[in-house]
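The chain contents come next:
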Amino acid sequence: MSNEIYDLYVSKISRFDSNHAVIQEELAEFLDMMVKTSGLQEDFGRVEHVHIPYILSEDEYVERGTCVGFVRFQNFNKHDSIARFLFNKEFAGREIKVWRNNFPTKATSLSKAYKLKNQVAATYQEAATNTEESDYSPGELKKE
């Protein structure tokens, strides 16, 4: 479908806090700053939301020290270019890996996403009307 949105899948996110809300906020601000300071904000837009789901036990998170997340920029049709730009950028002491997710985002997956202040865009509002249940799956990601 042409109206589906494919968010960015981000792995190797440093889990510097056990509260994913804190990591979501820091990652959103970091990514927004990276795009802005590189002069790409006009092309890519700002970060619209970041979601880091709890998919492992606390012991597994402690052992790995990383987590995964999903990010959407305002110009989500540029996610392939954004992924290439952000791939291997250092966030909180680790190089993050970024790809465009091959699975469309479902509104129910965004219920706990961190949204930058004043960044509730029409795309999120449209997605919020979709009531289909779904969770993210990090399998089969598009790696360019």
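The structure under discussion appears in the preceding block.
Residues numbered from 1 in each chain as written. Predicted model: local features only at pLDDT ≥ 70, side-chain atom pairs only at ≥ 80, totals over all residues. Heavy atoms only, no water.

Quick look at the pairing of strand E1 (residues 8–14) now. Within E1, six of the seven residues are buried, which leaves it mostly tucked inside the rest of the structure. In this structure, E1 lies alongside strand E3 (residues 66–73), joined through five bridges in antiparallel fashion. Across the sheet, residue Tyr9 finds its bridge partner in E3, namely Phe70. Bridging between E1 and strand E6 (residues 97–100) involves four bridges; their strand directions are antiparallel. Counted as the bridge partner of Val10 is Val98 from E6. (Buried < 20%, exposed > 50% of the residue type's maximum accessible area, 1.4 Å probe, protein only. Helix = DSSP H or I, 4+ residues; strand = E, 2+ residues; numbered from the N terminus. Pairing = 2+ DSSP bridges.)

Glancing now at helix H4 (residues 79–86). Structurally, the α-helix is built with 3.6 residues per turn, so residues lying three or four positions apart point the same way. Three or more residues of H4 are buried, namely His79, Ile82, Ala83, Phe85 and Leu86. Take H4 and look down its axis: the buried residues cluster within an arc of 165°, on one side only. Close packing links the buried residues of H4 with E1, helix H1 (20–37), helix H2 (41–44), E3 and E6. Asn88 occupies a position one or two residues after H4 and carries a positive phi of about 70°. (Arc of directions from axis to C-beta. Contact = heavy atoms within 4.5 Å.)

So, on to the packing of aromatic side chains. In total, this model carries seven aromatic pairs according to the counting rule given. An aromatic cluster of at least three residues, connected via ring pairs, comprises Tyr9, Phe70, Phe87 and Trp99. Here the guanidinium or amino end of Lys89 rests over the ring plane of Phe85, the centre of that ring lying 4.5 Å away. Over the ring of Tyr6 we find Arg100, and its NZ or CZ is 4.9 Å from the ring centre. (Phe/Tyr/Trp six-rings, centres within 6.5 Å; stacked < 30°, edge-to-face > 60°. Lys NZ or Arg CZ within 6 Å of the ring centre and 35° of its normal.)

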